[in-house]
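An overview of the molecular structure
Residues per chain, in single letters:
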Amino acid sequence: MKKLIITAALTGAEVTRDQHPALPVSPQEIGVAAAECAAAGAAMVHVHARNPDGSPTQDQEVYRQIIAEVRARCDVIVQVSTGGAVDMTAQERLAPVSLKPEMATLSMGSVNFGDDVFMNHPDDMAEFAKTFKAYGVRPELEIFDSGMLTTAKRWLAKGWLDSPAHFDLVLGVPGAMAGTPQALMYLVSELPAQSTWTVAGIGAAQLPLATLAMLMGGHVRVGFEDNVFYRKGELANSNAQLVARVARIAAELDRPLATPDEARALLGIR
Ligand code: KMH
Ligand code: ZN
């Protein structure tokens, strides 16, 4: 059966300690959370950096510390964010790529993001894609809406992105594509052949879309960045608790979990 890559999106840029008191914020807390998620079955962590006051930052030094704290504890793939937060400049967002992380996110277009706009000007995206290539960083293409997939396909055809690509289908952001099975099935039907993909369902969409993705042969992202609840009205204890639930369902669905090295092979990470 096809191995399942679980990604834990540990912190994000928007979630606050008011929303979840156990949100990992410091590099050390992120390292500890990553190790707990690895023990629960995650092969990858998606990380965002924060300042000591909890505000989001793309400071390279903080990312360097995060990667070191994770590496000191476990062998999961560390995927850094270049999405950052909505008010950051493109140059700011790109900073952690020069650390040559194994993987980084690359958003494929602009979208309303709650009450804000997540801007990804084509010129900035082209600069991101060039920089990823220069540093040998494998991109995960973030798809928040269907037009972004059309753009990704154009860029793959031009050679601005390498094939086969790996996609993250982010569904349920207010202002973007809905967190529904229909939306997931449509996007998957439009993916280029040979692509790999994962789904990040936001809020209440996390568990149903994760389960559907496992059935469809895709991979799964869970974690506090996308959802802090275990079920309606009940906070999850930890990121690892959300990973462990997916791992249990995966066992029932005959999707053995990929180790970090198996995930590297599946995703074409050198
Ligand atoms: N914080 C969002 C505006 C990513 O990590 O690449 C963008 C985001 C995507 O989180
Ligand atoms: Zn993110």
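These lines cover the structure that appears in this document, whether it is placed above or below. From a predicted model like this one, the values you see are computed outputs, not experimental measurements. (Residues numbered from 1 in each chain as written. Chains lettered and ligands numbered in written order. Predicted model: local features only at pLDDT ≥ 70, side-chain atom pairs only at ≥ 80, totals over all residues. Heavy atoms only, no water.)

**With respect to the overall build of the chain**
Summing up its helical and strand segments, the chain has nine helices and 14 strands in all. Relative to its length of 270 residues, the chain is compact, with a C-alpha radius of gyration of 17 Å against a globular reference of 18 Å. With respect to the three principal axes, the spread of C-alpha positions in the chain is 45 × 40 × 40 Å. Buried positions account for 54% of the 270 residues belonging to the chain. Residue pairs at least 24 apart in sequence account for 72% of intrachain contacts in the chain once pairs closer than 6 positions are excluded. Accessible surface, the chain: about 11,200 Å² in total, of which carbon and sulfur atoms supply 54%. (Helix = DSSP H or I, 4+ residues; strand = E, 2+ residues; numbered from the N terminus. Rg over C-alpha atoms; globule rule 2.2 N^0.38 Å. Buried < 20%, exposed > 50% of the residue type's maximum accessible area, 1.4 Å probe, protein only. Contact = heavy atoms within 4.5 Å. Areas by Shrake-Rupley, 256 points an atom, 1.4 Å probe, with all protein chains shown as cover.)

**Some thoughts on the sheet that holds strand β9 (residues 138–143)**
A barrel is described by the order of its strands in space; here eight strands give the closed sequence β1-β2-β5-β6-β9-β10-β11-β12, paired in parallel fashion. Strand-to-strand twist of the sheet, defined as the mean angle between neighbouring strand axes without regard to direction, takes the value 25 degrees. Where strand β2 (residues 44–47) meets strand β5 (residues 77–80), four bridges bridge the pair, whose relative direction is parallel. By the bridge assignment for β5, M44 is matched with I77. The sheet contacts of helix α5 (residues 146–158) involve β9 and β10 (166–171), and relative to β9 the element is tilted by about 145 degrees. (Pairing = 2+ DSSP bridges. Axes fitted to C-alpha atoms, helices over the stretch in contact; angles between N-to-C directions.)

**Side note on helix α2 (residues 60–71)**
Here α2 contains 12 residues, and its C-alpha end-to-end distance of 16 Å stays within 8% of the 16 Å for a straight helix at 1.5 Å per residue. Of all the positions in α2, only V62, Y63, I66, I67 and V70 are classed as buried. Angular distribution of buried residues about the axis of α2 spans 140 degrees; they occupy a single face of the element. Measuring from the backbone nitrogen of E61 back to the side-chain oxygen at the start of α2 gives 2.7 Å, which picks out D59 as the cap. (Expected span 1.5 Å × (residues − 1). Arc of directions from axis to C-beta. Polar contact = N/O pair within 3.5 Å; in protein donor to acceptor, adjacent residues only side chain to side chain.)

**A few points about the site of ligand 1**
Every residue near ligand 1 is listed here: A13, E14, H46, H48, S81, G83, G84, V86, T105, F113, F118 and E225. One nitrogen or oxygen atom from the side chain of E14 is found 2.7 Å from a nitrogen atom belonging to ligand 1. Between a nitrogen atom of ligand 1 and a main-chain N or O atom of G84, the distance comes to 2.8 Å. Taking 300 Å² as the accessible area of ligand 1 by itself, protein coverage stands at 97%. If you map ligand 1 onto the pockets, it falls in the largest pocket. When the residues that make up the shell around ligand 1 are grouped by side-chain class, the tally is four nonpolar, six polar and two charged. (Near = heavy atom within 4 Å. 1 Å grid on protein atoms, 1.4 Å probe; cavity = no way out; pocket = protein on both sides within 12 Å on 5 of 7 lines; lining within 4 Å. Sits in = over half its atoms within 2 Å of the grid points. Nonpolar A, V, L, I, M, F, W, Y, C, P; charged D, E, K, R; others polar.)

**Let's talk about the coordination of the zinc ion (ligand 2)**
Note on the zinc ion (ligand 2): its protein donors are H46 (NE2), H48 (NE2) and E225 (OE). The metal-donor distances range over 2.1 Å. For the zinc ion (ligand 2), all donor residues lie on one chain, and their spacing in sequence is H-x1-H-x176-E. For the pair H46 and H48, one class covers both residues: buried. (Donors = N, O, S within 2.8 Å, 3.2 Å for Na, K, Ca; no water.)

**Describing a negative patch on the surface**
Taken together, the side chains of E14, D87, E92, D115 and D116 define an acidic patch exposed on the protein surface. Structurally, D115 is set in the loop between β7 (111–113) and β8 (116–118). The class of D115 is exposed, set by a relative accessible area of 83%. (Patch = residues over 30% accessible without salt bridge, like charges linked within 9 Å, V, L, I, M, F, W, Y side chains within 5 Å. Salt bridge = Lys/Arg side-chain N within 4 Å of Asp/Glu carboxyl O. Lys, Arg positive; Asp, Glu negative; His and termini not counted. Charge placed at Lys NZ, Arg CZ, Asp CG, Glu CD.)

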